[in-house]
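Structure assessment
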Amino acid sequence: MQKFNKHNIQPGETVKSIANLYDLTEESLKFFHNNHCKVEDNILIHLTKQKELFLPRTAVVDKNKLVKFGHGNRLVFQPENSLLEYGVMITIENNEKKNEIKYNTSVRWVKYENGFHFFEIDRISNLFLNDEEVNEIADLLAYKTSQVLYPMQISVDQQGKFSNVENTDVFKERWNDIKDEVYKEFEGEIVDEYCQKIEKVLDEPNSLFIFIKNDYFIRTLFFGIYQKFNQDYLTEMTETFPVINNAIEPRFKIEVEIDPLKDDYDLISISGNGKLYDERSRYDFINGAPFSLIIEENTVMNDDGNFRLQYFLNGETQLSESLYLECDINLERRKKISVVVAVID
């Protein structure tokens, strides 16, 4: 993000007139400019041979260009009455294998209760695997049986972070009808085994929560980016992400930056970069350990993993318009998850 704006000096302008234009004091304008310009362009009292002035990033004539923050420079999450449809593309790279999943989904705000926003999420398209509609029996079974989850109702906290699944009680009710549909289309031991696995997950609330918690779309859209930013519009987040199948997800430390000015498309830009920040070694992760198997007095954190995000929010509603999240971790070979989400016009 650019850390400053520039003003091209026009004939007849003075330090005072330019400061008034941007609602700054003369002293603050000179102080900021002198800290960013070349020595020969310093302003002592009046303008001399300067051709441009450096201004704070938030010094603009059109105040509608400024991002609206709440108390303490906090980005406010206000999704009330929203209904958005998103196109989703998830890319999973593991060893030499690469699979790309595409589908469309709707996200509807339902209510606000006890400090949480409730959303209904529904799949509104068929599932495509590597640009082809799923047709292999295993993929079709996965797609068919996943319909038991939708519409799904989830709760999200005031930072926009996924909290819980709120309508698990209806999944079992749906399962009987979906199971009948599955057996009308398929038969054999593979189908029996698959259905038994689904029923086992539905019978165990903890397993069901973990299963849904690993949904890359939900975790990306509701990552919790509505944070409090410092005076430089930065914040540090320590978050987990299900890049691998482990009951305790790998933890990442991420520096997140928000541009206090909307871009030319009236979008709010939020970017972040980070590294793995977990006490577990590569071998702990390979073996599925929920914690480090080696106890050390001075723990050396494993940082062999990367995290990157780029969000663009609607400048008026401050809800996600498009976003990209990329996460990888080094196991025997590097595993990488990429998620792209964009509003469907």
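These remarks concern the structure in this document.

Conventions used here
- Residues numbered from 1 in each chain as written.
- Predicted model: local features only at pLDDT ≥ 70, side-chain atom pairs only at ≥ 80, totals over all residues.
- Heavy atoms only, no water.
- Helix = DSSP H or I, 4+ residues; strand = E, 2+ residues; numbered from the N terminus.
- Buried < 20%, exposed > 50% of the residue type's maximum accessible area, 1.4 Å probe, protein only.
- Contact = heavy atoms within 4.5 Å.
- Areas by Shrake-Rupley, 256 points an atom, 1.4 Å probe, with all protein chains shown as cover.
- Patch = residues over 30% accessible without salt bridge, like charges linked within 9 Å, V, L, I, M, F, W, Y side chains within 5 Å.
- Salt bridge = Lys/Arg side-chain N within 4 Å of Asp/Glu carboxyl O.
- Bend = angle between axes of the 7 residues up to and from the residue.
- Pairing = 2+ DSSP bridges.
- Polar contact = N/O pair within 3.5 Å; in protein donor to acceptor, adjacent residues only side chain to side chain.

Points about the overall build of the protein
Helix and strand counts for the protein stand at eight helices and 15 strands. With the principal axes as the frame, the protein shows a C-alpha extent of 85 × 50 × 40 Å. In the protein, which comprises 345 residues, the share counted as buried stands at 41%. Put simply, of all contacts in the protein between residues at least 6 apart along the chain, 61% involve residues at least 24 apart. Element-wise, carbon and sulfur atoms account for 47% of the exposed surface of the protein, whose accessible area totals about 19,200 Å².

Some thoughts on a nonpolar patch on the surface
A cluster of nonpolar side chains, Phe-291, Leu-293 and Ile-294, forms an exposed patch at the surface whose accessible area comes to about 350 Å². Counting through the fold element by element, Ile-294 comes out in the loop between helix H8 (282–286) and strand S13 (305–314). Judged by its relative accessible area of 59%, Ile-294 falls in the exposed class.

A closer look at unusual backbone geometry
For residues other than glycine, phi is negative in most cases, and the peptide bonds are mostly trans. Note that the residue after Tyr-150, namely Pro-151, is joined by a cis bond; omega there is -5°. The topology assignment puts Pro-151 in the loop between helix H3 (137–146) and strand S8 (152–156). Positioned with a positive phi, Asp-23 is a non-glycine residue whose angle comes to about 60°. By secondary structure assignment, the location of Asp-23 is in the loop between helix H1 (15–21) and helix H2 (26–34). Phi angles above zero are rare outside glycine, and Asn-130 is one such case at about 55°. As for its position among the elements, Asn-130 is in the loop between strand S6 (128–129) and strand S7 (132–133).

Let's talk about helix H4 (residues 169–185)
The largest bend in H4 amounts to roughly 35° and is located at Trp-175. Along H4, the positions that sit buried rather than exposed are Phe-171, Trp-175, Ile-178 and Val-182.

Looking at the pairing of S13
Summarising the sheet, strand S12 (residues 267–276) and S13 pair through nine bridges and their orientation is antiparallel. When the bridges of S13 are listed, Ser-271 appears paired with Gln-310. Here nine bridges tie S13 to strand S14 (residues 320–330), and the two strands are oriented antiparallel to one another. Looking at S14, one finds that Arg-308 is bridged to Glu-326.

Points about the environment of Gln-310
In this fold, Gln-310 is placed in strand S13. According to the relative accessible area criterion, Gln-310 is partly exposed, its value standing at 21%. Along the backbone, Gln-310 and Ile-244 are 66 residues apart, and their C-alpha atoms lie at a distance of 21 Å. Among all residues touching Gln-310, those that are not within four sequence positions of it are Ser-269, Ile-270, Ser-271, Ser-322, Leu-323 and Tyr-324. At 3.1 Å, the side chain of Gln-310 forms a polar contact with the backbone oxygen of Ile-270.

Section: the side chain of Ser-82
Looking at the element boundaries, Ser-82 is found in the loop between strand S2 (52–56) and strand S3 (83–94). Using a relative accessible area of 12% as the deciding quantity, one classes Ser-82 as buried. With residues up to four places along the chain from it excluded, the contact list for Ser-82 reads Val-107, Arg-108, Trp-109, Phe-119 and Leu-319.

Looking at the pattern of salt bridges
Any two side chains of opposite charge can pair, so long as their charged atoms come close to each other. Counting across every chain of the model gives 22 salt bridges. Residue Lys-49 pairs with Asp-41 through a salt bridge whose shortest N-O separation is 3.8 Å. Classification of Asp-41 by relative accessible area gives partly exposed; the value is 24%. The partner of Arg-57 in a salt bridge is Asp-259, and the shortest N-O contact between them spans 2.8 Å. Placement of the pair is Arg-57 in the loop between S2 and S3 and Asp-259 in the loop between strand S11 (251–258) and S12, with a sequence separation of 202 residues. Comparing Arg-57 with Asp-259, the two get one shared label, buried. Each of the salt bridges in this network shares a partner with another, and the network as a whole consists of Glu-100, Lys-102 and Asp-131.

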